[in-house]
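Residues per chain are reported as follows:
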Amino acid sequence: MGGEATDIRTVTYNELLVLQALGTGSEYGLEIMSLTGLSAGTVYPILRRFEATGFVSSRMEDAAVAHRNGRPARRIHALSGDGRAVLQPAREAFLARHRAMGLVPSPGSGTP
Amino acid sequence: MIGARVVGALLRLWLALCAPLVPRALRSEWRREWTAEIGAAQHSPVRRSQMVVGALRDAIATRRLGPSLANARGLPRSPDSETFSGVWTEVRQTVRALGRSPGFTTVYIVTMAVGVGAATAMFTSVNAVLIRPLPFDRVDRIVVIRQTDTRDGTVSEGISAANMRDVAAASRTLTHGAVANVFGHSLQEEDRALSIRGWAVSTGFFEATGVEAQLGRTFLPTEYEGGRDAVALLSDGFWRSRFASDPDVVGRTLLMDGLSYTVVGVLPADFAYPSDGLVWLPRAPRSWDEDVRGSPRLRAVARMASGATLTDVQAELDRIAADLARVHPEANQGLGLKATSLRDDALGHVRTPLLLLFGAVLLVLLVAVANVTGLQLARAANRGHEYALRSALGAGRGRLLRLAFVESALLATVGGGLGVLATWLGTDLLRTVMPAGTPGAGDLTVDLPVAAFALLVTFGSSLVAGGIVALGVSRRRADIGRGARGSTEARNRRTLRDHLVVTEIALALTLAVGAGLLLRSLDTLLDNQLGFDPERRLAVQVFAYTAQDRPDMERIRAFRDAIAEVPGVRSVGFTTAIPGADDRVVEAMDHVISLSLDASPNTRHDVRVSDIDEEYPAALGLNVLAGRTFTSLDEKDGTAVALVNEAFARRYFGETDVTGGRLSFYPRSGSGTPQTLTVVGVVSDVRVRGFESPPVPEVYRPLIQTVTTGGVTFVVEGSIPPGDLLLPVQEAIWATDRSQAVWAAQSLSDLMAGWTQRRRFDTALLTFFAGLAVGLAAIGLYGLMAFSVEQRAQEMGIRRALGGQSAGIVRLVVGRGIRLAVLGVVMGLAGSLVLSRVLGGMLYGVSPLDPATLATASGGVLLLAGLAAYGPARRATRADPMQTLSGRP
């Protein structure tokens, strides 16, 4: 696989948010932006990176469908099998990293 | 709605600008996707600016990930999908390569900065003066009318009010016609009076010019009738400075010469016609207008009727002039009328010199481009191996061409950018050195047209330079393809560089000849004797009238006596018409009067008359050639006396000593009993309109005997510099009368210099441009010779190893340089033939084909060429033959 391999152990918070949004079924860049609160300049490059890595697949919407909805065709994104597979480990790796720094509470430690 | 459309169009434009960053295989989908996303964003709370940034960052990310993305989407990777990144890589490589050649880079950038900077600066002037529209409504319909003398073809500065009134009444091709006369009023300040300069304009002036007030209104028809409440219009500058831009200024009053004027409006900021002024007043017909019908001192402006052309207007004016000459023969002998379009009238005198200088600076730019092209060709020769390697590795013709263009575009952009920056920083300086009175010179700015011009010349230059170099590079590739030897290609490129240097020398010589001709003209002009010595002399103009509006001779004499007491003053006298008066600082109050030598009204001559006091000839430094000057005995009721100048004596009496001659002056109305004056002396001629004006017959009368005007100019001769006398002399006037305004105070040498200011400006600038061109050409020749010596190092080494003498090598190199220079000189002389046709009107006392100028310029260029070639020649003789033969540095 060409391009930049994203090391799942060092996934950033923003990347995790995008992965999570895709995992909940968000398909469009704008949708992910409004769900995560991230800017366009952050979301789209992350989507490209994940697509190049193979975690995300994308396709242009069917023109006829878009036409019926009275709008131009948009790009639809979805988590690939690889992407689904890494979502949980990535989340855990992220939490573990931040837990080690005391940024998030350990399980069972109660509310800080 | 329109706003949303404009924003939509701007966003689409933005996407079009970002799209080239995206690899071609992904580009069309990327644009469709972003068009849809931006469309969808309009219905969401996402800000447009966020989408703008997002599109750019996404385009960059897509470019970086291009191959992987194309692969993931199952798209083919087109071989040229990396065009942009290819260019980007070349830009980076070129920047690195240029960093390794600081000498080449610096010379290239400085040369382009000089060429583009000079061209942009000159275009800034052309734009402000010739291109920017004049501040009038439908300026092409406005004409300026002047009286001419059909007997000798002279064109007057204007027209008389009575003649213009008759023209306006009789004309069918003009809808509105009006006159304007300059006036001076005293505005009382705290402890002294200030002079206010303005224009009194007759009815129809604002309709003719099509100007409306920015605040309030212009004059009502009844306000031109006189005898009513005085009203005034303010200039924008005066409104801002004196009334602090008060929006309620209309209705406020202005106290001038003890009379109250009600402000009725403020004129637009860019309006200053016929010239600068602070206040515009309505001009009611004057009781003496008819008396001065023959005196064409007022400016006239008119608007052409719909459908009328300038030719129609002129034909009608010819008929009206003939009628006026018939009806008023005493004042209108030989009367002609001339209509000129306002644009030509305002810009005609500056258009040719400005366009000439602009042409000159474009030649400098050409020399600069030829120079950097030569440099780049030499560099290309040194990078021959790199090109060969790239070619062998499969770099196509396009890629090699791109390499040449990238280099020239990069360097031209930096150089041109520096040039434009210098122009922008130097705009104030340019504004200062532009000759006074140049229309639009105050508005010199680097605006959109100037920026567009700078962009055009920068990229035009880079295209030309890059194109020529690319031609060389592509030839090389073809030669490599044919297996040609490097020497063939080197010869081709050498020939190209030779042509460039010859062109540079030709252009530089053309400019040098032009500058030489202008310099000689100025020199010849300044050799003219003015007839007086302007050094250490000050001109101070006042307008002194009694409450009854009569010239106040007592006050004028009191001022003279007070000035005479100022320490440092040697002598002081006064005149009504000071030589060199420019109507800008000092008003020219001279007038022309009909006189007869044999008391016959049928043999009258129009001569220039100045009324003076007895001290004036000495104060100005006039030489008395015969008889005497006036004395205090030539009093009001004494014998009417006159002085004449040498030109008068020679023309009308045929000899110099004409003392005792009788002159009969006719009243200005042309009828009535003439006044007879006895000539008591002859004085030297004076060039009253600067160095260029020929001496004209003149008569001087004692002002005390004529009392024609209260507007006089004191000539103050000092033992100290005039600048040091300026304040004390004005203080002496104010000490005598606090309410007296000083209209103008300027050294006579500055006043006379004003008449040659434009010529000096044109000469200095052309000389500067010629110097630049010659310097650049010399650098070009030096570069060519140095390169040639380097290329022929082995040949030189062999010559030296075989016992060749240094002198022979010097002769070889310098000889080649001189041969090229001679070719350039021959072409340059041909070019200067063309230039001399354009320059003809700007020359004075010098032939356009002045052999001395041609010889000096050619000799100078050849000498410089010899010196430029000598440096590399000497270096060639110093090289160790063994080292050069072994190829060691």
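Keep in mind it's a predicted model, so treat the numbers as computed, not measured.

Engineer: Give a description of the overall build of chain A that names residues and reports values.
Structural biologist: For chain A, the count of helices and strands is 5 helices and 2 strands. Order of helices (α) and strands (β) in chain A, N terminus to C terminus: α-α-α-β-α-β-α. Partitioning the contacts of chain A with sequence separation of at least 6, the portion at a separation of at least 24 is 55%. In the structure as shown, chain A presents an accessible area of about 5,600 Å², 55% of it carried by carbon and sulfur atoms.

Engineer: Just give me the short version of the overall build of chain B, but keep the residues and values in it.
Structural biologist: When helices and strands are tallied, chain B shows 27 helices and 21 strands. Residue burial in chain B is summarised as follows: out of 889 residues, 51% are buried. Taking all contacts inside chain B whose residues are at least 6 apart in sequence as the whole, residues at least 24 apart take part in 79%. If you sum the accessible surface of chain B, you get close to 39,600 Å²; carbon and sulfur atoms cover 58% of it.

Engineer: Go over the interface of chain A and chain B with me, naming the residues and quoting the values.
Structural biologist: Contacts between the two partners involve 22 residues from chain A and, on the opposite side, 24 residues from chain B. It is Leu30(A), Arg48(A) and Arg75(A) in chain A that bury the most area against chain B; as a group they hold 28% of the surface buried on that side. The partner of Arg73(B) in a salt bridge is Glu51(A), with the nearest N and O atoms 2.6 Å apart. For the pair chain A and chain B, the number of links is 9 residue pairs in polar contact (both at pLDDT 80 or more).

Engineer: Give me the lowdown on helix H10 (residues 310-327) of chain B, citing residues and values where you can.
Structural biologist: Given 3.6 residues per turn, any residue in an α-helix points the same way as the ones three and four places further on. All names here are of chain B. Taking 1.5 Å per residue as the helical rise, H10 with its 18 residues ought to reach 26 Å, and the 25 Å between its terminal C-alpha atoms agrees with that figure. Listed in full, the buried residues belonging to H10 are Val313, Glu316, Leu317, Ile320, Ala321 and Leu324. The buried residues of H10 all sit within an arc of 150 degrees when viewed along its axis, so they share a single face. Those residues of H10 that are exposed and angled more than 90 degrees off the buried face are Thr311, Arg319 and Arg326.

Engineer: For unusual backbone geometry, give the residues involved together with the corresponding values.
Structural biologist: Residue and element names in this part refer to chain B. Of note, the amide linkage connecting Tyr273 to Pro274 takes the cis form, showing an omega dihedral of 0 degrees. The residue Pro274 is located in the loop between strand S7 (259-266) and strand S8 (279-282) in this model. Phi angles above zero are rare outside glycine, and Arg138 is one such case at about 45 degrees. Its location among the elements puts Arg138 in the loop between helix H6 (102-131) and strand S1 (142-149). The exposure class assigned to Arg138 is exposed, which follows from its relative accessible area of 53%.

Engineer: So what's going on with the environment of Trp30(B)? Which residues, and what values?
Structural biologist: The residue Trp30(B) is located in helix H2 (residues 24-41) in this model. Remark: the alpha-carbon pair of Trp30(B) and Ala19(B), spanning 11 residues in sequence, is separated by 7.7 Å. Sequence-distant contacts of Trp30(B), that is, excluding residues within four places in its chain, are made with Arg48(A), Leu15(B), Cys18(B), Ala19(B), Val22(B), Ala55(B), Asp58(B), Ala59(B) and Thr62(B).

Engineer: Mind laying out the packing of helix H1 (residues 13-23) of chain A against helix H5 (residues 81-100) of chain A, listing which residues take part and the relevant values?
Structural biologist: Residues and elements named next belong to chain A. Running from N to C, H1 and H5 cross one another at 145 degrees; their axes reach a closest spacing of 10 Å. The handedness of the crossing between H1 and H5 is left-handed. Contacts from Tyr13, Leu16, Leu19, Gln20 and Gly23 of H1 reach H5 at Leu87, Ala90, Arg91 and Phe94. Looking at the contact of H1 with H5 residue by residue, the classes come out as 6 nonpolar, 2 polar and 1 charged.

Engineer: For the nonpolar core, give the residues involved together with the corresponding values.
Structural biologist: Within the largest apolar cluster, 85 residues are counted, with the highest numbers of intra-cluster contacts made by Met122(B), Phe769(B) and Leu839(B). Breaking this core down by element, the ones donating at least two residues are H6, helix H11 (342-382), helix H13 (397-425), helix H15 (448-482), helix H16 (486-526), helix H23 (757-791), helix H25 (806-839) and helix H26 (851-878) of chain B. Met33(A), Ala40(A), Phe94(A) and Leu11(B) belong to the second largest nonpolar core, which has 43 residues in total.

Engineer: Can you explain a nonpolar patch on the surface? Please cite residues and give values.
Structural biologist: Nonpolar side chains collect at one region of the surface, where Val414(B), Leu418(B), Leu421(B), Trp424(B) and Leu425(B) lie side by side and expose about 520 Å² of accessible area between them. Taking the relative accessible area as the measure of exposure, Leu418(B) reaches 44% and is therefore partly exposed.

Engineer: So what's going on with the environment of Arg689(B)? Which residues, and what values?
Structural biologist: Residues and elements named next belong to chain B. With respect to the helices and strands, the residue Arg689 is situated in the loop between strand S18 (675-683) and strand S19 (698-702). Each C-alpha atom, one on Arg689 and one on Ile578, is 9.8 Å from the other, the two residues being 111 residues apart in sequence. If we ignore the near neighbours within four places in the chain, the residues touching Arg689 are Ala581, Ala588, Asp590 and Trp755.

Engineer: Quick rundown of the pattern of salt bridges? Include the residues and the values.
Structural biologist: Close approach of charged atoms allows side chains with opposite charge to pair. One pass over the structure, following the stated rule, counts 41 salt bridges over all chains. Across the pair Asp613(B) and Arg560(B) runs a salt bridge whose closest N-O atoms are separated by 2.6 Å. Placement of the pair is Asp613(B) in the loop between strand S14 (604-612) and helix H18 (616-620) and Arg560(B) in helix H17 (residues 553-564), with a sequence separation of 53 residues. On the basis of relative accessibility, which here comes to 9%, the residue Arg560(B) falls in the buried class. Within this structure, Arg48(A), Glu51(A), Arg75(A), Glu29(B), Glu33(B), Asp58(B) and Arg73(B) form a network of salt bridges that share partners.

Engineer: Just give me the short version of the confidence of the model for chain B, but keep the residues and values in it.
Structural biologist: On average, residues of chain B carry a pLDDT of 84, and 91% of them reach 70 or more. Considering each helix and strand of chain B separately, the mean pLDDT is smallest for helix H27 (residues 881-886) of chain B, with a value of 61, and largest for strand S12 (residues 569-575) of chain B, with 95.

Engineer: Please provide a residue-by-residue account of the packing of H6(B) against H11(B), values included.
Structural biologist: All names here are of chain B. Two elements in contact, H6 and H11, have axes separated by 9 Å at closest approach and are oriented at 165 degrees. Comparing their axes, H11 and H6 come out roughly antiparallel. Judged by the twist between their axes, the crossing of H6 over H11 is left-handed. Broken down by class, the residue content of the contact of H6 with H11 amounts to 23 nonpolar, 5 polar and 3 charged.

Engineer: Any details on the environment of Ala539(B)? Residues and values, ideally.
Structural biologist: All names here are of chain B. Structurally, the position occupied by Ala539 is in strand S11 (residues 537-543). When the C-alpha atoms of Ala539 and Gln746 are compared, they prove to be 5.4 Å apart, with 207 residues separating the residues in sequence. Ala539 has contacts with Thr713, Phe714, Ala744, Ala745, Gln746 and Leu748, leaving out every residue within four places of it along the chain.

Engineer: Describe the packing of aromatic side chains, with residues and values.
Structural biologist: For any pair of aromatic rings, the description rests on two quantities: the centre-to-centre distance and the angle between the ring planes. Residue and element names in this part refer to chain B. A full pass over the atoms with the stated rule returns 22 aromatic pairs over all chains. Between the aromatic rings of Phe136 and Phe271, the centroid separation amounts to 6.0 Å while the plane-to-plane angle is 80 degrees, which identifies the pairing as edge-to-face. On the criterion of sequence distance, the pair formed by Phe136 in the loop between H6 and S1 and Phe271 in the loop between S7 and S8 is long-range, its members being 135 residues apart. Judged on exposure class, the residue Phe136 and its partner Phe271 are both buried.

Engineer: An account of the pairing of strand S9 (residues 299-304) of chain B is requested, with residue identities and associated values reported.
Structural biologist: Residue and element names in this part refer to chain B. In terms of residue burial, S9 counts as a mostly covered element, since 5 of its 6 residues are buried. Strand direction decides the pairing type here: S1 and S9, joined by 4 bridges, are antiparallel. Its bridge partner being in S9, Ile142 is matched across the sheet by Arg303. Taken together, the 6 bridges between strand S2 (residues 174-188) and S9 define a ladder with antiparallel strand orientation. Bridge pairing in S9 places Leu174 opposite Met304.

Engineer: Describe the pairing of S12(B), and please don't skip the residues or the numbers.
Structural biologist: Residue and element names in this part refer to chain B. Burial runs high along S12: 6 of the 7 residues are buried. Bridge analysis of S12 against strand S20 (residues 711-718) gives 6 bridges, and the strand direction is antiparallel. Along S20, the bridge assignment pairs Ser571 with Glu717.

Engineer: How would you summarise the side chain of Arg73(B) if you had to cite specific residues and measurements?
Structural biologist: Along the chain, Arg73(B) turns up in the loop between helix H4 (66-72) and helix H5 (83-99). Looking at Arg73(B), its side chain comes within polar contact range of the side chain of Glu51(A), at 2.6 Å. If we skip the residues at most four places from it in the chain, Arg73(B) touches Arg48(A), Glu51(A), Ser58(A), Arg75(A), Leu26(B) and Glu29(B).

Engineer: Pulling in residues and values, what's your account of the confidence of the model for chain A?
Structural biologist: For chain A, the average pLDDT comes to 81, and 83% of its residues sit at 70 or higher. Below a pLDDT of 50 lies the segment residues 1-5 of chain A, which in the model reaches 11 contacts outside its immediate sequence neighbourhood of four places, other chains included.

Reading guide: rules and limits
Residues numbered from 1 in each chain as written. Chains lettered and ligands numbered in written order. Predicted model: local features only at pLDDT ≥ 70, side-chain atom pairs only at ≥ 80, totals over all residues. Heavy atoms only, no water. Helix = DSSP H or I, 4+ residues; strand = E, 2+ residues; numbered from the N terminus. Contact = heavy atoms within 4.5 Å. Areas by Shrake-Rupley, 256 points an atom, 1.4 Å probe, with all protein chains shown as cover. Buried < 20%, exposed > 50% of the residue type's maximum accessible area, 1.4 Å probe, protein only. Buried area = accessible area lost by both parts, 1.4 Å probe. Salt bridge = Lys/Arg side-chain N within 4 Å of Asp/Glu carboxyl O. Polar contact = N/O pair within 3.5 Å; in protein donor to acceptor, adjacent residues only side chain to side chain. Expected span 1.5 Å × (residues − 1). Arc of directions from axis to C-beta. Axes fitted to C-alpha atoms, helices over the stretch in contact; angles between N-to-C directions. Left-handed = near helix turned anticlockwise from the far one by under 90°. Nonpolar A, V, L, I, M, F, W, Y, C, P; charged D, E, K, R; others polar. Core = buried A, V, L, I, M, F, W, Y, C linked by side-chain atoms within 4.5 Å. Patch = residues over 30% accessible without salt bridge, like charges linked within 9 Å, V, L, I, M, F, W, Y side chains within 5 Å. pLDDT = per-residue confidence, 0-100. Parallel < 35°, antiparallel > 145°, perpendicular 65-115°, else oblique. Phe/Tyr/Trp six-rings, centres within 6.5 Å; stacked < 30°, edge-to-face > 60°. Pairing = 2+ DSSP bridges.

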